[in-house]
Amino acid sequence: MQGRDGGSTRGKGQTGRGGGQGGDPVRAVARDVLRAVRERDAYANLVLPGMLRDRKISGRDAALATELTYGACRSQGLLDAVIASCAGRPVEEIDGPLLDVLRLGVYQLLRTRIGAHAAVDTSVDLARAEFGQGKAGFVNAVLRRAAEKSTEEWVAALAPKDPLGHLAFEFAHPAWIAQAFADALGARAGELRDVLAADDARPLVHLVARPGEISAEELALVTGGEEGRWSPYAVYLDGGDPGKLEPVRDRMAAVQDEGSQLVALAVTRAPLDGPDGGRWLDLCAGPGGKTALLGALAEIDGFHVDAVEPAEHRAELVRQATSDMPVTIHVTDGRDTGLEPGYDRILVDAPCTGLGALRRRPEARWRRKPSDVRELVTLQRELLTAAWDLLRPGGVVVYSTCSPHLPETVSVVADVARRTGAIALDTRELLPGVPDTGDGPGAQLWPHRHGTDAMFLAALRKPL
C-alpha cells in the first residue's frame with residue numbers, strides 16, 4: 001500500500017511492464033504513461049486506466065499513480081525549468097526516458113506531500129533498474145538539488161518578472177494560454193490567478209443521469225455523490241473509477257462535465273419561431289456525450305437527432321453512446337453533409353484548442369501552440385456557416401467550444417452573424433440559475449466560478 005509520505009511497501013524490485021525495469025510499481029506505471037505521452041503523443045487519461053488494469057493496481061495505489069501521472073503532465077513547464085536549473089543544461093539535452101523519471105521525481109518533491117527521501121530514492125531506483133548506476137547517480141544529484149528549495153523558492157528564482165508570466169509559471173501554464181484567459185475575462189482579469197489555480201487543481205468527476213432512466217437524486221444516492229448545482233442531470237463524485245459504477249455500466253448514467261450538459265440543454269431550451277418539429281442535428285457529434293443527452297431528451301418528446309462525425313472511430317463512439325436512442329449517425333464532413341435542410345435545432349460543438357478543459361487533459365496545455373488557432377478558427381466558421389444553411393427559418397443553432405479563447409468564441413459568432421443576418425439570442429437566459437456567465441449575448445462558463453470546464457456557448461436564430 002502506498003503512503004502519501006513514503007514509498008510503496010510492496011513490489012520493490014518488480015519489473016514494470018511496457019517501459020523497461022522499475023522498482024515501485026506505482027511510480028513505474030506513472031513513468032510509463034509519461035513516456036507514452038512524450039514518445040507517442042498519447043493522451044494520459046486514455047493510457048493510464050488500461051495500464052492500471054493490466055498491472056492490477058487499484059485502490060489507494062491507483063489513486064496515487066493517477067495523481068503522479070496527471071500532476072507531472074500538468075506541471076511540465078515548471079518541472080522542466082527546475083530540472084534544467086539543477087542539471088545545468090536544457091531539458092532537450094537530457095535523454096527522454098531519463099527526463100520522464102526526473103519529472104516524476106521533481107513533481108513529488110514540489111507538488112505533493114510525499115517526503116523528499118521517498119521521492120528521491122524511488123526515482124533513483126527507477127533509473128538504476130533501467131539505466132544502471134551512472135545515470136541513477138545523475139538523477140540522484142538533480143533531485144537532491146531540487147529538494148534544496150521549496151516550491152515557492154523555485155518560483156521566486158525562476159519565474160518571469162512580469163505579473164502575467166509569473167502567474168503562468170507558478171500555476172504551470174504557457175504564458176500565451178494565461179494571456180488568452182486574461183483576455184476572455186476582460187474587465188475581470190483580476191480573476192486570472194483564480195482561473196489558473198482552478199485549472200491546475202484535480203477536478204471532480206461529473207456524471208450525467210440519463211433523462212427518462214434515472215434522476216440526479218437517485219444517481220447521487222446510488223453512487224454516494226452529490227447532486228450538481230446547475231444541470232438537473234449532474235452528479236459530482238470526489239474520485240474513484242466511474243466505469244465501475246452500476247448505473248454507468250448499465251448505461252443509465254455516463255461521465256460528462258456539467259458544462260457540456262448545460263450546452264446540450266441550451267440547445268433544447270432556445271426559443272424558436274414556430275413549433276418544434278422535432279428535427280434536431282448535432283453537427284460535430286464525436287465522441288457522443290452531448291449527442292447522447294440530446295438523444296435521451298429527444299426520445300421523451302418523440303423527436304429525432306441526426307449526428308454527424310467525419311472520423312469513423314469517433315462515429316463508432318457515438319453509436320455506442322446512442323445505440324438505443326432515436327439518433328442516426330452520418331459519417332461525413334460537417335461542412336458538406338448532403339443532409340436535407342430544415343432542422344429546428346442544431347448544435348455545433350466545434351473542434352477547438354480545448355483550452356477550457358486543460359484540467360481534464362493534463363498534457364494538452366504543453367501541446368497546443370498559438371499557431372493552431374488560425375486553422376481551427378477557419379474550420380469553426382465553416383462549420384457554423386454550414387449549420388446555418390441547414391437551419392429552417394425560425395430555427396436556432398447553438399455554437400459551443402471548450403475554449404474561452406476570444407478568436408474561437410465571440411469572434412467566430414460575430415463574423416457569422418454579420419454575414420448571415422442572424423438574430424443573436426441572450427444565451428445567458430438558456431442557463432437558468434447560473435450566475436456570472438458574462439456580459440452577453442454569449443455565455444462563458446469558468447472552472448473557478450462554476451466548477452465546470454470553461455465552455456463558451458452562443459445561440460443564433462434564423463429570421464423568418
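Above this text you will find the structure in question.
About the criteria used
Residues numbered from 1 in each chain as written. Predicted model: local features only at pLDDT ≥ 70, side-chain atom pairs only at ≥ 80, totals over all residues. Heavy atoms only, no water. Axes fitted to C-alpha atoms, helices over the stretch in contact; angles between N-to-C directions. Helix = DSSP H or I, 4+ residues; strand = E, 2+ residues; numbered from the N terminus. Parallel < 35°, antiparallel > 145°, perpendicular 65-115°, else oblique. Contact = heavy atoms within 4.5 Å. Nonpolar A, V, L, I, M, F, W, Y, C, P; charged D, E, K, R; others polar. Patch = residues over 30% accessible without salt bridge, like charges linked within 9 Å, V, L, I, M, F, W, Y side chains within 5 Å. Areas by Shrake-Rupley, 256 points an atom, 1.4 Å probe, with all protein chains shown as cover. Salt bridge = Lys/Arg side-chain N within 4 Å of Asp/Glu carboxyl O. Lys, Arg positive; Asp, Glu negative; His and termini not counted. Charge placed at Lys NZ, Arg CZ, Asp CG, Glu CD. Pairing = 2+ DSSP bridges. Phe/Tyr/Trp six-rings, centres within 6.5 Å; stacked < 30°, edge-to-face > 60°. Buried < 20%, exposed > 50% of the residue type's maximum accessible area, 1.4 Å probe, protein only. Lys NZ or Arg CZ within 6 Å of the ring centre and 35° of its normal.

Colleague: Even after reading the chapter, I still don't get the packing of helix α4 (residues 76-87) against helix α5 (residues 96-111), so can you show me in this structure?
Modeller: Relative placement of two packed helices is described by the angle separating their axes and the distance separating the axes. Relative to each other, α4 and α5 sit at 100°, their axes nearing to 9 Å. Put simply, α4 runs roughly perpendicular to α5. Listed contacts from α5 to Q76, L78, L79, D80, V82 and I83 of α4 are L99, L102, R103, V106, Y107, L110 and R111. Considering only residue class, the contact of α4 with α5 consists of nine nonpolar, one polar and three charged.

Colleague: Sorry if this is basic, but what is going on with a negative patch on the surface here?
Modeller: On the surface, E217, E218, E226 and E227 cluster together into a negatively charged patch. Elements represented by at least two residues in the negative patch include exactly α12 (216-223) and β2 (226-227).

Colleague: Can you walk me through the sheet that holds strand β1 (residues 205-209) in this structure?
Modeller: Hydrogen bonding along the main chain pairs the strands of a sheet, whether they run parallel or antiparallel. In space, the four strands of this open sheet follow the order β2-β3-β1-β4, with antiparallel pairing throughout. The open sheet terminates on both sides in strands that have one partner only, identified here as β2 and β4 (253-255). Pairing analysis gives three bridges linking β1 to β4, with the strands arranged antiparallel. Across the sheet, residue V208 finds its bridge partner in β4, namely A254. The strands touched by α12 are β1, β2, β3 (234-237) and β4; relative to β3, the strand with the most contacts, the crossing angle is about 20°.

Colleague: Would you mind going over the packing of aromatic side chains with me for this structure?
Modeller: Summed over all chains, the structure comprises two aromatic pairs. Here the aromatic rings of F181 and W446 are separated by 6.2 Å at their centres, their planes lie at 85°, and the arrangement is edge-to-face. Note that F181 is positioned in helix α10 (residues 175-185) and W446 in the loop between β11 (443-444) and α20 (447-450), a separation of 265 residues in sequence. Classification of F181 as buried rests on a relative accessible area of 2%. The interplanar angle of 70° and the centroid separation of 5.5 Å between the aromatic rings of W280 and F303 together place this pair among those described as edge-to-face. On the criterion of sequence distance, the pair formed by W280 in strand β5 (residues 279-282) and F303 in the loop between α15 (289-301) and β6 (304-308) is long-range, its members being 23 residues apart. For the residue pair W280 and F303, the accessibility class agrees, reading buried in each case. Seen from the ring of W154, K149 lies directly overhead, with NZ or CZ sitting 4.5 Å from the centre. Over the ring of Y43 we find R367; its NZ or CZ atom is 5.2 Å from the centre of that ring.

Colleague: Where do I start with the pattern of salt bridges in this structure?
Modeller: Pairing of side chains with opposite charge becomes possible as their charged atoms draw close. Tallied over the entire structure, the rule returns 40 salt bridges. One salt bridge in this structure joins E191 and R449, with 3.0 Å as the shortest N-O distance. Highlighted residues: E191 in the loop between α10 and α11 (192-199) and R449 in helix α20, separated in sequence by 258 residues. Taken as a pair, E191 and R449 share a single burial class, namely buried.

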